[in-house]
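Below, each chain spelled out in residue letters.
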Amino acid sequence: MKPNYKPPFSRFVKKAHKPLQLAIEDAVDVILDNPETGEPKVGDLAGMWVYKFKFNRQEYLIAYRPPTPDARRQGVDVELLMIDFYQAGLHENFYGELKRYLKSGG
């Protein structure tokens, strides 16, 4: 599967220091290997998944949307499937910012 980074995700990673960038890269690899490794969200964020990981005793979250199960069941080549990565960051204001971004058409 291939990653597709949305602007809020890319901005956070770009501003992060190198060790955190590497930790995020490792988390993205885990998600790409198994898109169902995170937690599915419900309500306003239905269809989104959130993967949590710890770095320097802080918990970071990554919001992503994996390909639909229909696309995977129909035998679409795994290399053609995309996972959209929407946001990364600390828990504080994470879900509010994610909802705002999605509401703005992101």
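Use the structure listed above.
These notes cover the structure that comes with them.

Procedures and definitions
Residues numbered from 1 in each chain as written. Predicted model: local features only at pLDDT ≥ 70, side-chain atom pairs only at ≥ 80, totals over all residues. Heavy atoms only, no water. Helix = DSSP H or I, 4+ residues; strand = E, 2+ residues; numbered from the N terminus. Buried < 20%, exposed > 50% of the residue type's maximum accessible area, 1.4 Å probe, protein only. Contact = heavy atoms within 4.5 Å. Areas by Shrake-Rupley, 256 points an atom, 1.4 Å probe, with all protein chains shown as cover. Arc of directions from axis to C-beta. Polar contact = N/O pair within 3.5 Å; in protein donor to acceptor, adjacent residues only side chain to side chain. Salt bridge = Lys/Arg side-chain N within 4 Å of Asp/Glu carboxyl O.

When you go through the protein residue by residue, the secondary structure sums to 4 helices and 5 strands. Ordered by position from N to C terminus, the α and β elements of the protein give β-α-α-β-β-β-α-β-α. Expressed as a percentage of the 106 residues in the protein, the buried residues total 39%. Considering only contacts within the protein whose residues lie at least 6 apart along the sequence, 54% involve residues at least 24 apart. For the protein, the exposed surface amounts to about 6600 Å²; the carbon and sulfur share of it is 49%.

Here we take up helix H4 (residues 94-103). Along H4, the residues classified as buried are Phe 94, Tyr 95, Leu 98 and Tyr 101. What you see down the axis of H4 is that its buried residues fit within an arc of 125 degrees, all on one side. Of the residues in H4, the exposed ones pointing more than 90 degrees away from the buried face are Arg 100 and Lys 103. Two residues or fewer past H4, Gly 105 is found with a positive phi of approximately 100 degrees.

Our focus in this paragraph is the environment of Met 1. Tracing the chain through its elements places Met 1 in the segment before strand S1 (2-5). Residue class for Met 1 comes out partly exposed when judged on its relative accessible area of 21%. Put simply, Met 1 and Ile 83 are 82 residues apart on the chain and 7.0 Å apart in space, counted from C-alpha to C-alpha.

Okay, the side chain of Lys 41 next. Following the sequence through the fold, Lys 41 ends up in the loop between strand S2 (39-40) and strand S3 (49-55). Here the side chain of Lys 41 touches Tyr 95 through a polar contact of 3.5 Å, side chain to side chain. Setting aside residues up to four positions removed in sequence, Lys 41 forms contacts with Ala 46, Gly 47, Met 48, Val 50 and Tyr 95.

With that settled, the discussion passes to the pattern of salt bridges. A full pass over the atoms with the stated rule returns 2 salt bridges. Between Lys 99 and Asp 44 there is a salt bridge whose closest N-O contact spans 3.6 Å. Of this pair, Lys 99 sits in helix H4 while Asp 44 sits in the loop between S2 and S3, placing them 55 residues apart in sequence.

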